[in-house]
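Coordinate inspection notes
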Amino acid sequence: MDNGFLDAFRMLARFDPDLVEIILLSIKVSFSAVAVALLLALPFGALLATWPFPGRRALVVLVNALMGLPPVVVGLGLYLLFSHRGALGVLEFLYTPTAMIVAQTVLVFPIAASLSRQVFVDLHAQYDEMLRSLGANKWQILLTVFWEARRSLLTVALAGMGRALSEVGAVMIVGGNIDHVTRVMTTAIALETSKGSLAFAMALGIVLLALSVIVNAAVSFLRTDNGGAVHV
Amino acid sequence: MTTTTLFRGIALALATGLGLVATPTLAANPFITVQSTTSTQNSGLYDYLLPKFTADTGIDVHVVAVGTGQALKNGANCDGDLLVVHAKSAEEKFIAAGYGVKRTNLMYNDFIIVGPASDPAHVAATKTVVDALKAIAGAKAAFASRGDNSGTNKKEIALWKATGLDPAKDSGTWYRETGSGMGATLNTAVGMNAYTLTDRATWLKFGNKGDFKILSQGDPALFNQYGIILVNPAHCDNVKVKQAKTFIDWMLSPRGQKVIGSYRAFGTQLFHPNAPKG
């Protein structure tokens, strides 16, 4: 085994531009995906939690099941869509960070929808009757529930971020792992492993883990700093 | 920190996220997309060669390194401007089907069989690759096959055909198909002391060799020809013909051929240019 393990940390210590580029792209792609997924999934989760409609139960089961979507399947499906011969080929998303964001959004959405639904279900049960008795209308109740859920929803965002940062199957296929364009931490790790540079690959893995710890620590700080009740 | 600050933070985060989504890919230079075999990337050839091409022409090259089989498939789907692959008969089929314009020899190296130093099947004593494979099959010694329809996998299957044996019927016992790229297959082979067929360039640059050695080499049957193909603009109207042709012409030119020939690792030349002269 070579001394690639130390090499990786030396690269990090001197802010090696290639490594920094890869780390920043990882953050950019996963962060964007989680942001978009939350924007779509939170209202959807709230709807599932509070609005009875026929087939809701089946939809909940489906969304829960989709939390386990294999990334490689999402990657393949989106490749077929985004390929120049595919239905959305004209968008020219294939082999761009945008395609990677879409892929991770698809992966994060069911997690965000399912977990946020549970948060809303619990809070709704807690507040609905009380707010109704105070004469609040449906929208006021919804807004209050949203507001009360804010910290728990941060945990939902973190779960999504974990999924997005760690997946490799989808971004490898739709991103193509192109150097300086679509190479992120996980695809770089896969590439280094295939070169047999196992120590270097492992060191990149530890950097990725550290990144995850930083994100989680930051959110943990935000959550507890306010001293308010945490609904989880 | 107040909740207002917290939520201002979240709002900012969301806005940043959306801003990033809306930002189109920044590219100063025009670029072309190359669907490529993995050996040219894993061996470091592109890292060495592409900056020189970009400096000469101002064109960026986006390399999608997959197996030859997948590269041809992606090319047929118009997801690249040109291909660098190594499976001549499959390439000719690709041209015949109208997916590619023209196939030109680019460079060659050779395949080798690597295996554990203990060499349980006595492969090192064999003279030809056919005898080497027969020895492995005879000893039922573990052999890791790519099993992924890549150029190397196609070569391996052709070599087995020449032995008159059918290892696929023993798949799962001594004949093990990894269904993975060359590097992943080498990792697996080293992990289970299995022989495997690899291109020399990937092997030389491979960092996890364990006690593995080259045990069969030099047979003319192990010749490994790389070809370069322009994706057919008549089939794919998105092909950047001008830039892609610039790349192909550069690779085939005395300058490009010299660059290919000058790439060395551990004192060994990895690819031998053999584009047609003139």
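Conventions used here
- Residues numbered from 1 in each chain as written.
- Chains lettered and ligands numbered in written order.
- Predicted model: local features only at pLDDT ≥ 70, side-chain atom pairs only at ≥ 80, totals over all residues.
- Helix = DSSP H or I, 4+ residues; strand = E, 2+ residues; numbered from the N terminus.
- Buried ≥ 20, exposed ≤ 12 C-beta atoms within 10 Å, placed from the backbone.
- Expected span 1.5 Å × (residues − 1).
- Arc of directions from axis to C-beta.
- Contact = placed C-beta atoms within 7 Å.
- Core = buried A, V, L, I, M, F, W, Y, C linked by C-beta atoms within 7 Å.
- Pairing = 2+ DSSP bridges.
- Domains from an automatic or database assignment.
- Nonpolar A, V, L, I, M, F, W, Y, C, P; charged D, E, K, R; others polar.

1. Some words on the overall build of chain A
Counting its secondary structure elements, chain A contains 10 helices and 0 strands. Each helix (α) and strand (β) of chain A, taken in turn from the N terminus, gives the series α-α-α-α-α-α-α-α-α-α. Across the 232 residues that make up chain A, the buried fraction comes to 45%.

2. Regarding helix H4 (residues 71-82) of chain A
Residues and elements named next belong to chain A. The terminal C-alpha atoms of H4, which comprises 12 residues, lie 16 Å apart, in line with the 16 Å expected from a rise of 1.5 Å per residue. Considered for burial, the residues of H4 that qualify are Pro71, Val74, Gly75, Leu78, Tyr79 and Phe82. Projected down its long axis, H4 carries its buried residues within an arc of 135°, all on one side. The elements touched by buried residues of H4 are helix H5 (97-133) and helix H8 (169-175).

3. Here's the deal with the nonpolar core
In a soluble, globular protein the nonpolar side chains are often hidden away together inside. Within the largest apolar cluster, 140 residues are counted, with the highest numbers of intra-cluster contacts made by A:Val34, A:Ala99, A:Ala103, A:Ala112, A:Val174, A:Leu204 and B:Leu82. The element that contributes the greatest number of residues to this core is helix H2 (residues 17-50) of chain A, accounting for 16 residues. When near neighbours in sequence (up to four residues on either side) are disregarded, A:Leu204 contacts A:Ala8, A:Met185, A:Ala188, A:Ile189 and A:Glu192.

4. Regarding the pairing of strand E4 (residues 100-115) of chain B
Residue and element names in this part refer to chain B. Bridge count for E4 against strand E9 (residues 223-231) is 8 bridges, and the pairing is antiparallel. By the bridge assignment for E9, Arg103 is matched with Ile229. Bridging between E4 and strand E12 (residues 272-273) involves 2 bridges; their strand directions are antiparallel. Note that in E12 the partner of Met107 across the bridge is Pro273. Both E4 and strand E7 (residues 195-199) contribute to a ladder of 4 bridges, which runs antiparallel. Bridge pairing in E7 links Val114 to Thr196.

5. Examining the domain arrangement of chain B
All names here are of chain B. Taken domain by domain, chain B holds domain 1 (31-109 + 225-273) and domain 2 (111-222). Computed over C-alpha atoms only, the centres of domain 1 and domain 2 are separated by 26 Å. Across the contact, 19 residues belong to domain 1 and 14 residues belong to domain 2. Elements represented by at least two residues in the side of domain 1 that touches domain 2 include exactly helix H2 (39-42) and helix H4 (68-76). Of the residues contributing to the side of domain 1 that touches domain 2, the split by class is 7 nonpolar, 12 polar and no charged.

6. A short note on the environment of B:Asn232
Residue and element names in this part refer to chain B. For Asn232, the location among the structural elements is in the loop between E9 and helix H10 (241-252). The exposure class assigned to Asn232 is buried, which follows from the 20 C-beta atoms found within 10 Å. Taking C-alpha positions, Asn232 is 5.3 Å from Tyr99, a pair spaced 133 residues apart along the chain. In contact with Asn232, not counting residues within four places along its chain, are Gly98, Tyr99, Gly100 and Val101.

7. Re helix H6 (residues 129-139) of chain B
Residue and element names in this part refer to chain B. Among the residues making up H6, those that are buried are Val129, Ala132, Leu133, Ala135 and Ile136. Looking straight down H6, one finds that the buried residues subtend no more than 155° of arc, so they occupy a single side. For H6, the secondary structure elements touched by its buried residues are E4, strand E5 (143-145), helix H7 (151-163), E7 and strand E8 (213-216). Lys140 occupies a position one or two residues after H6 and carries a positive phi of about 50°.

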